[in-house]
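Fold and contact review
Each chain, written out:
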Amino acid sequence: MLFEGLAEKLQNTFDKLKGKGKLTEADVKEAMREVKLALLEADVNFKVVKDFINRVKERAVGDEVLESLTPGQQVIKIVNEEMTALMGSTQSKVTFSSSPPTIYMMVGLQGSGKTTSCGKLANLLKKQQKKPLLVAADVYRPAAIEQLKTVGSKIDVPVFSMGTQMDPVNIAKAGIEEAKKNGHDLVIIDTAGRLHIDNNLMDELQNIKKAVKPQEILLVVDSMTGQDAVNVAESFSDKVGIDGVILTKLDGDTRGGAALSVRAVTQKPIKFVGMGEKIDEFEAFHPDRMASRILGMGDVLSLIEKAQSSVDIKKAQELEKKMRTQQFTFDDFLDQLQQMKNMGSMKDIMEMIPGVGGKQLKNLDVDEKELVYIEAIIQSMTGEERTNPGVINGSRRKRIAAGSGTSIQQVNKLLKQFEQTRKMMKQFTDMEKGAKKGGKFKLPFPGF
Amino acid sequence: MFFNGWDNDKSEQQETESKGFFQRLKEGLNKTTKDFTGKLDSLLMGYGKIDDELFEELEELLIMADVGYDATMKAMDHLQKKVRDHRLEDASEVKVLLKDVLVQLLTVEEAGHQLNLDQNPTVILVVGVNGVGKTTTIGKLAAYCQKQGKRVMLAAGDTFRAGAIDQLEIWGQRSNAPVIRHQEGSDPAAVIYDAIHSAKAKDNQVLICDTAGRLHNKKNLMNELGKIFRILDREYPEARKEVLLVLDATTGQNAIQQAKTFGEVAPLTGIVLTKLDGTARGGIIIPIAQTLGVPVKFVGVGEQIDDLQPFDPEAFVSAMLDQ
């Protein structure tokens, strides 16, 4: 897995620090080195990384480590919170003008995906009952107009064009008139790709902007962009002014750190992401998902969230001890069931842990409805029966079944399952020991 | 702009030609240069002494040029060793050494950085992710090959992107190279097949094949590319094969993965680094040269038909570091 890197490294970094109450400066410094590397590998701009690291450091040093988390997880939690805050905590939508037509203008470098995004956006808003018109204002790239026309015909949206000999400003103006005449309430202007340092072409954008007063100027950015993303975003933002960002080609395997850089220098929201070559592969932007993609931590984050809210780590530690010494009882089983109910199914939890594959999970399929019966059965046992299941003979089984409103078969099944669970837990304990030796992976929760 | 017509292009071509390659490359890399050297010089002026802080700042410069963490660390290791070996004490001398180190890391000895057109016929397959400038590169490449006295034919193998075929057709007209095309949406392998046989029949010397942009993590599309490469191999055994990966200089660390994955389906013989006329510095080619040994053969420095420069590591790094 590509995305496991950082979480694993942080876990390892903090292994030796287990049980400390507060994050010290030294802890955090070490962890920040890993975070910095991860962000640079993800193409987040160096300066943005520096700022970010400083902010996290400031917040993390002296922070109380939550009881349910390891110090490593605590740092990941802070990093993720700060990152999500920086990405924009909520989704941001495009706005519409109170006096139609609403005009959007697409701008960006060559090859960032403006024309495709025009089509995708038109398609999306058409589904929301808008009546869009596409305007072909790219008179420079050979066949750019043909491309927009083809895209338009695919989604059944008309394309306004005046050939390549006209001034794009005039084309844009004429396009708006055309829209008004034909009752379009939305106009999307496709402009030519240009370098942010090409002053003539940047002026042209300004002139279009002055002429048509767009509701939103959307900067289209390739998600694979490297360190240069800040220069591009800064220039377009300063010289033309932008209202939002469309991040394209996110269906690739880039970590997409450019998203963070662009957001950091423009302070403008990312509104949409392009997720493929098909016209409907266009989605609203989710800041939280992007944050964990850039960090490369996959679902470890949601695991932390869940754990934070529901696992009582002390109970889990006791449980672990019992597991190791084979003293696992029905009482513990009941406890665990209750915690599991808080956290979602055990299988879900296990799947979120990097390194735990499907194999070990096969025997673990517990029907969640059955849990209710299981609880009832255990609650109908005496204390002795719970700690020492060996004493449960035929007549005791009968009594338990009657007491819990279940059948003897169900009681038998549970006893069998309990035995399996004991075995399984032993396996996990062994596995964990083995893994520790190999240093390959580690279960974040001693309890499971 | 190039819509002024073909004749204007020609005169511009002659004009720029007189400036010579080195000058033009430097011009193309102008922005890169100003940015990089400006910083580097102010950096080195500020320091009389060579200390950790200096190395840290240089490290930052390389990272900001998309050289990537690992390759930057390697460059810094080499630089520090050289500084020790030469017993340097003055920071201003470090620049020369840094240049040496970067050139060394960038140079791919065995393969060489020149496009070899000695053998007729040659077939050039141009591949890359979406939007890096494949079709534009082919337009310029056709002109380049013609200047070397070759008869060039183009194959419109991008049957997927709307307008791609027309775009190539226009480039074909600019350089008077015939374009073999099918309908949009048709099988690209069939276009290539036809183009090969047409090139054979007309005794063309260089066949340049366009392909649709594809993200390297799309299995099916990569298999399609593999198929195209196999067709070249099978139907055109007598031709020398050149597979050029077009990389956008603004691309970050993902470019390494691109080079790796494209190379798996169609063995790369070179890289064309485009869009160097922006502020991006294209440092990503250093880790690519280091890990994959694929040489850069051309750099694209603009939208004009002659804005494609043969790559030379010395000139590239010099243009980056000298003012």
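A brief structural summary.

Analysis parameters
Residues numbered from 1 in each chain as written. Chains lettered and ligands numbered in written order. Predicted model: local features only at pLDDT ≥ 70, side-chain atom pairs only at ≥ 80, totals over all residues. Heavy atoms only, no water. Helix = DSSP H or I, 4+ residues; strand = E, 2+ residues; numbered from the N terminus. Buried < 20%, exposed > 50% of the residue type's maximum accessible area, 1.4 Å probe, protein only. Areas by Shrake-Rupley, 256 points an atom, 1.4 Å probe, with all protein chains shown as cover. Polar contact = N/O pair within 3.5 Å; in protein donor to acceptor, adjacent residues only side chain to side chain. Contact = heavy atoms within 4.5 Å. Phe/Tyr/Trp six-rings, centres within 6.5 Å; stacked < 30°, edge-to-face > 60°. Buried area = accessible area lost by both parts, 1.4 Å probe. Salt bridge = Lys/Arg side-chain N within 4 Å of Asp/Glu carboxyl O. Patch = residues over 30% accessible without salt bridge, like charges linked within 9 Å, V, L, I, M, F, W, Y side chains within 5 Å. Lys, Arg positive; Asp, Glu negative; His and termini not counted. Charge placed at Lys NZ, Arg CZ, Asp CG, Glu CD. Pairing = 2+ DSSP bridges. Axes fitted to C-alpha atoms, helices over the stretch in contact; angles between N-to-C directions. Expected span 1.5 Å × (residues − 1). Arc of directions from axis to C-beta. Core = buried A, V, L, I, M, F, W, Y, C linked by side-chain atoms within 4.5 Å.

Focus: the overall build of chain A
Each helix and strand in chain A was counted, giving 19 helices and eight strands. Split into buried and exposed, the 448 residues of chain A put 54% on the buried side. Put simply, chain A shows about 19500 Å² of open surface, and 48% of that area lies on carbon and sulfur atoms.

Points about the side chain of Gln147(A)
Mapped onto the secondary structure, Gln147(A) falls in helix H6 (residues 144–155). Residue Gln147(A) is classed as buried on the basis of its relative accessible area, which comes to 4%. A polar contact of 3.1 Å, which involves the side chain of Gln147(A), links it to the side chain of Arg161(B). Setting aside residues up to four positions removed in sequence, Gln147(A) forms contacts with Thr115(A), Thr116(A), Arg141(A), Arg161(B), Ala162(B) and Gly163(B).

Observations concerning the packing of aromatic side chains
All names here are of chain B. Scanning the entire structure with this criterion turns up five aromatic pairs over all chains. A ring pair is formed by tyrosine 144 and phenylalanine 298, whose centres lie 4.9 Å apart and whose planes are at 80°; its orientation type is edge-to-face. You can see tyrosine 144 sitting in helix H7 (residues 134–147) and its partner phenylalanine 298 sitting in strand S7 (residues 296–300), a full 154 residues away along the chain. For the pair tyrosine 144 and phenylalanine 298, one class covers both residues: buried.

Overview of the interface of chain B and chain A
Taken together, the contacts link 42 residues of chain B with 39 residues of chain A. Taken over both partners, the interface formed by chain B and chain A buries close to 3500 Å², and the fraction arising from carbon and sulfur atoms is 57%. Taken together, chain B and chain A are joined by two salt bridges. Here Glu60(B) ties to Lys50(A) by a salt bridge, and the two come within 3.3 Å at their closest N and O atoms. Only helix H4 (52–64), helix H8 (164–174) and helix H11 (254–265) of chain B provide two or more residues apiece to the side of chain B that touches chain A.

What about a negative patch on the surface?
Residue and element names in this part refer to chain B. Taken together, the side chains of Asp51, Asp52, Glu53 and Glu56 define an acidic patch exposed on the protein surface. Position of aspartate 51 among the secondary structure elements: in the loop between helix H3 (30–46) and H4. For aspartate 51, a relative accessible area of 30% corresponds to the partly exposed category.

Some details on the sheet that holds strand S4 (residues 206–209) of chain B
All names here are of chain B. Taken in spatial order, the eight strands make up an open sheet running S3-S2-S4-S1-S5-S6-S7-S8, and their pairing is mixed. Single-partner strands in this sheet number two, and they are strand S3 (179–180) and strand S8 (308–310). Taken together, the four bridges between strand S1 (residues 122–127) and S4 define a ladder with parallel strand orientation. Considered in S4, the bridge of threonine 122 is made with valine 206. Running over the sheet, helix H10 (residues 219–235) touches S1, S4 and strand S5 (240–248) and is turned about 175° from S1.

Description of helix H5 (residues 69–85) of chain B
Helix length check: H5(B), at 17 residues, gives a terminal C-alpha distance of 24 Å against a target of 24 Å (1.5 Å per residue), a fit within 8%. Those residues of H5(B) lying buried are Tyr69(B), Ala71(B), Thr72(B), Ala75(B), Met76(B), Leu79(B) and Val83(B). Viewed along the axis of H5(B), the buried residues span an arc of 155°, placing them on a single side of the element. Opposite the packed face of H5(B), turned more than 90 degrees from it, sit the exposed residues Asp70(B) and Arg84(B). Contact partners of the buried residues in H5(B): helix H2 (25–41) of chain A together with H4, helix H6 (94–106) and helix H12 (285–292) of chain B.

Description of the pattern of salt bridges
All names here are of chain A. What the rule picks out here adds up to 26 salt bridges over all chains. Between glutamate 385 and arginine 396 there is a salt bridge; the shortest N-O distance is 3.0 Å. Remark: arginine 396 occurs in helix H18 (residues 394–404) and glutamate 385 occurs in helix H17 (residues 383–387); sequence separation between them is eleven residues. For glutamate 385, a relative accessible area of 0% puts it in the buried group. Salt bridges sharing common partners tie together Arg55, Arg59, Lys77, Glu81 and Glu82.

Considerations on the nonpolar core
In this structure, Leu58(B), Leu79(B), Ile124(B), Leu154(B), Leu207(B), Ile208(B) and Leu273(B) are the most contacted members of the largest nonpolar core, which totals 95 residues. No other element matches the eight residues that H6(B) contributes to this core. Setting aside chain neighbours within four positions, we find Ile208(B) in contact with Ile124(B), Val126(B), Ile138(B), Leu141(B), Ala142(B), Cys145(B), Val152(B), Met153(B), Leu154(B) and Ala155(B). Leu37(A), Phe52(A), Ala172(A) and Val273(A) belong to the second largest nonpolar core, which has 75 residues in total.

Structural notes on the side chain of Asn45(A)
With respect to the helices and strands, Asn45(A) occurs in the loop between H2 and helix H3 (46–60). A relative accessible area of 3% places Asn45(A) in the buried class. When neighbours within four sequence positions are excluded, Asn45(A) is seen to be in contact with Gln227(A), Val230(A), Ser261(A) and Met64(B).

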